[in-house]
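For reference, the chains in residue letters:
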Amino acid sequence: MRVRFAPSPTGPFHIGGARTALFNWLFARHHGGKFILRIEDTDRKRYDPDSLRLLLDGLRWLGLDWDEGPEVGGPYGPYFQSERLHLYQYWANWLVEQGHAYRCYCSEERLEALRQQQLAAKQDPGYDRHCRNLTPEERARLHQETGGQFVIRFKMPLDGETTVHDLLRGDITFDNRQLQDLVLLKSDGYPTYHLANVVDDHLMAISHILRAEEWISTAPIHKHLYDAFGWEMPQIAHLPVILNPSGKGKLSKRSVAFSEGGRKIPVLVHEFIEGGYLPEAVVNFLTNIGWSFGDDREVFTVQETIERFDLSRVNPAGGAFPIEKLDWLNGVYIREMADDELARRLLPVFEKAGYPVDLERMRRVVPLIKVRIKTLNDALDMAGFFFTPSFTPPPAEEIVQKGMDAASTKAALQAAADRLAGLPDFSAKAQEEALRALAAELGLKTGQLFGALRAATTGQQVSPPLFETMEVLGREEALKRIRRAIAQL
RNA sequence: GCCCCCAUCGUCUAGGGGACCAGGACGUGGCCCUUUCAAGGCCAAGACGGGAGUUCGAAUCUCCCUGGGGGCACCA
């Protein structure tokens, strides 16, 4: 079995594309087949040089390794369509010679005028097959007049029906009269998607096509192309589309999408990377859209997915992008990760945010924040204060707790500092014992005393547990922060 | 407008004629735990779009309607 992912480098790598790639990859890995990456760079107008890097980086980040394609080569190369132009030209001309296609000399202006006319007359827009039945004389004259500028169009059957078998949906029948004499080869010598895709899938011996639902309407077109070539069409399945979280419109339509709360949700693979998501969580998440593991399980490894993945559990219905589930799932993966591993992954995040990184300290911080973060980036807000070189205490109003004033807070912090300074050991346990006793002596609620200390030492209202935090900070640093807070009251 | 696809809790889904007064998960609400915030535990609310038909029996099969989505380029 040979499957392919064939993206077009015309923009950033989209999560919908990643899902298609993932399903193809899973299919190949499950069946012991090959996963081919082919770059369909035939649109010179929309070509975006950054997108290839984004694509390759994204695939690698997700762990979707390809057996043939860019950077790895393979026996069916080249894997960039722009390097295969001679093949498309050869096969397009072959179709012309065989009478399955023809040269069309119509100008863009004529096509545009035709379209306007059809629209005005409330007719379906489409090419009127003007050049399909030219006499050799007319053909020669037009060739002369246009200076040999032409496109090659496919001769679509004028009547009858075409049935395509979809692995997920069964037989789908189309009326041939709906089909156009579409362009196979553009006037710049580049192929259109239809030609290049069919030629390459055949030449690369692709056995199964797993592509997004939005391609369904091109299936009969491709079927006719395969028939004209006398080639066998690969087995085909159309994966359900992913809709916006609102369920309105497909996700890939715009690169900016918003959830109900108005939060901008990531839709580009690099946004997930930069957003602090874990690739294993994203893969698990994507796997659950349109496919289910069974046994009421939602969390599972890629290995388990590979073992179980097949088309029979793919749901043909499109659905909304359940982004809030990714946050939960990412949190699950973070909590299940070994502390050491998490520390290692957190380092570059802190480094990028401008904090001086320190693996030793990070190892000690991780157990305190692990259950409190959903993304790696969350750690910045939760634990940045551990790494701030010159920590500044927050303003007085953030230190003074409910039911207290500056004077009582100052006194309480001073007393706490004295107790902490006098502790034989600075363990969280020893601190807690001493400070609970102190709170009782001062007639304060634990929340009042601990809250003031929390604000003083972390600068935050929300933080990891206070005593563990101070233990990691170290007695010297903790006391320093408390004293600076006192000075500010 | 034309063609095509799809239809179970708000969302992702399980379900393949009786095992379904429909199961799981996210989210939401409540309680417990608790120095904040989480995590965790327990509990709760919450769906088969509508109508015909087939059948002893339909979430499951058929048809119609409705709704949603996709496609109609010298873009992929």
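Structure's up top.
If you're wondering where the values come from, they're calculated on a predicted model, not measured in any experiment.

Here we look at helix H16 (residues 406-422)
Since there are 3.6 residues in each turn of an α-helix, residues three or four apart along the chain are aligned in direction.
Link 1 in the chain: Taking 1.5 Å as the rise per residue, H16 with 17 residues should run 24 Å; its terminal C-alpha atoms sit 24 Å apart, in good agreement.
Link 2 in the chain: In the core, the buried residues of H16 are packed alongside helix H15 (396-399), helix H17 (428-442), helix H18 (446-458), helix H19 (466-473) and helix H20 (475-488).
Link 3 in the chain: In this structure Asp 405 caps H16, since a side-chain oxygen of it lies 3.2 Å from the backbone nitrogen of Ala 407.

A few points about the packing of aromatic side chains
Link 1 in the chain: Applying the stated criterion across every chain, the model contains 21 aromatic pairs.
Link 2 in the chain: When the centroid spacing of 5.1 Å and the interplanar angle of 55° are considered together, the rings of Phe 350 and Phe 387 count as tilted. Within this pair, whereas Phe 350 is found in helix H12 (residues 339-352), its partner Phe 387 is found in the loop between helix H14 (378-383) and H15, the two being separated by 37 residues in sequence. No difference in accessibility class separates Phe 350 from Phe 387, as the two residues are buried.
Link 3 in the chain: Counting every residue linked through ring pairs, the aromatic cluster contains Phe 23, Trp 291, Phe 293, Phe 300 and Phe 309.

Section: the packing of H16 against H20
Link 1 in the chain: Where H16 meets H20, the closest approach of the two axes is 10 Å, and the angle between their N-to-C directions is 160°. Here H20 runs roughly antiparallel to H16, going by the angle between their axes. Between H16 and H20 the crossing geometry is left-handed. Mapping the contact onto sequence places Lys 410, Leu 413, Gln 414, Ala 417, Leu 420, Ala 421 and Gly 422 in H16 and Arg 475, Leu 479, Ile 482, Ala 485 and Ile 486 in H20.
Link 2 in the chain: Looking at the contact of H16 with H20, its residues break down into eight nonpolar, two polar and two charged.

Description of the packing of helix H6 (residues 193-203) against helix H7 (residues 219-229)
If you want to describe how two helices pack, look at the angle between their axes and the distance between the axes.
Link 1 in the chain: Put simply, H6 and H7 touch, their axes get as near as 10 Å, and they point 55° apart. Relative to H7, the element H6 is oriented oblique. Note on packing geometry: the crossing formed by H6 with H7 is right-handed. Of the residues in H7, those touching H6 at Tyr 193, His 194, Leu 195, Asn 197, Val 198, Val 199, Asp 201 and His 202 are Ile 221, His 222, Leu 225, Tyr 226 and Phe 229.
Link 2 in the chain: Residue composition of the contact of H6 with H7, by class: eight nonpolar, four polar and one charged.

Comments concerning the environment of Asn 24
Link 1 in the chain: One can find Asn 24 in helix H1 (residues 15-31).
Link 2 in the chain: By relative accessible area, which is 0% here, Asn 24 ends up buried.
Link 3 in the chain: Sequence spacing of Asn 24 and Leu 64 is 40 residues, and the spatial spacing of their C-alpha atoms is 9.6 Å.
Link 4 in the chain: In this view, Asn 24 contacts Val 3, Arg 4, Phe 35 and Leu 210; residues no more than four positions away in its chain are not counted.

Notes on the sheet that holds strand S3 (residues 101-104)
Link 1 in the chain: In space, the three strands of this open sheet follow the order S3-S4-S7, with antiparallel pairing throughout. With one partner strand each, in any of the chains shown, S3 and strand S7 (183-185) form the two edges of the open sheet. On average, each strand axis in the sheet is inclined to that of its neighbour by 45°, with strand direction left out of account.
Link 2 in the chain: Across two bridges, the pairing between strand S4 (residues 151-154) and S7 is antiparallel. The residue bridging Ile 152 from the neighbouring strand is Leu 185, located in S7.

Description of the environment of Leu 466
Link 1 in the chain: Relative to the helices and strands, Leu 466 is located in helix H19.
Link 2 in the chain: Owing to a relative accessible area of 4%, Leu 466 belongs among the buried residues under this scheme.
Link 3 in the chain: A C-alpha to C-alpha distance of 8.3 Å links Leu 466 and Ala 428, two positions 38 residues apart in sequence.

Points about the protein's contact with RNA strand B
Link 1 in the chain: Taken together, 66 residues surround RNA strand B, and among them Arg 169, Glu 298, Val 371, Arg 372 and Arg 436 come closest.
Link 2 in the chain: Per the 4 Å cut-off to the protein, sugar and phosphate atoms form 69% of the nearby atoms of RNA strand B.
Link 3 in the chain: A distance of 3.3 Å separates a phosphate oxygen of RNA strand B from a polar atom in the side chain of Ser 292.
Link 4 in the chain: Measuring from a sugar or linking oxygen of RNA strand B, one finds a backbone N or O atom of Val 371 at 2.4 Å.
Link 5 in the chain: For the surface near RNA strand B, the secondary structure elements donating two or more residues are helix H4 (108-120), S4, strand S6 (170-175), strand S13 (319-320), helix H11 (323-336), H18 and H19.

Conventions and cut-offs
Residues numbered from 1 in each chain as written. Chains lettered and ligands numbered in written order. Predicted model: local features only at pLDDT ≥ 70, side-chain atom pairs only at ≥ 80, totals over all residues. Heavy atoms only, no water. Helix = DSSP H or I, 4+ residues; strand = E, 2+ residues; numbered from the N terminus. Expected span 1.5 Å × (residues − 1). Contact = heavy atoms within 4.5 Å. Polar contact = N/O pair within 3.5 Å; in protein donor to acceptor, adjacent residues only side chain to side chain. Phe/Tyr/Trp six-rings, centres within 6.5 Å; stacked < 30°, edge-to-face > 60°. Buried < 20%, exposed > 50% of the residue type's maximum accessible area, 1.4 Å probe, protein only. Axes fitted to C-alpha atoms, helices over the stretch in contact; angles between N-to-C directions. Parallel < 35°, antiparallel > 145°, perpendicular 65-115°, else oblique. Left-handed = near helix turned anticlockwise from the far one by under 90°. Nonpolar A, V, L, I, M, F, W, Y, C, P; charged D, E, K, R; others polar. Pairing = 2+ DSSP bridges. Near = heavy atom within 4 Å.

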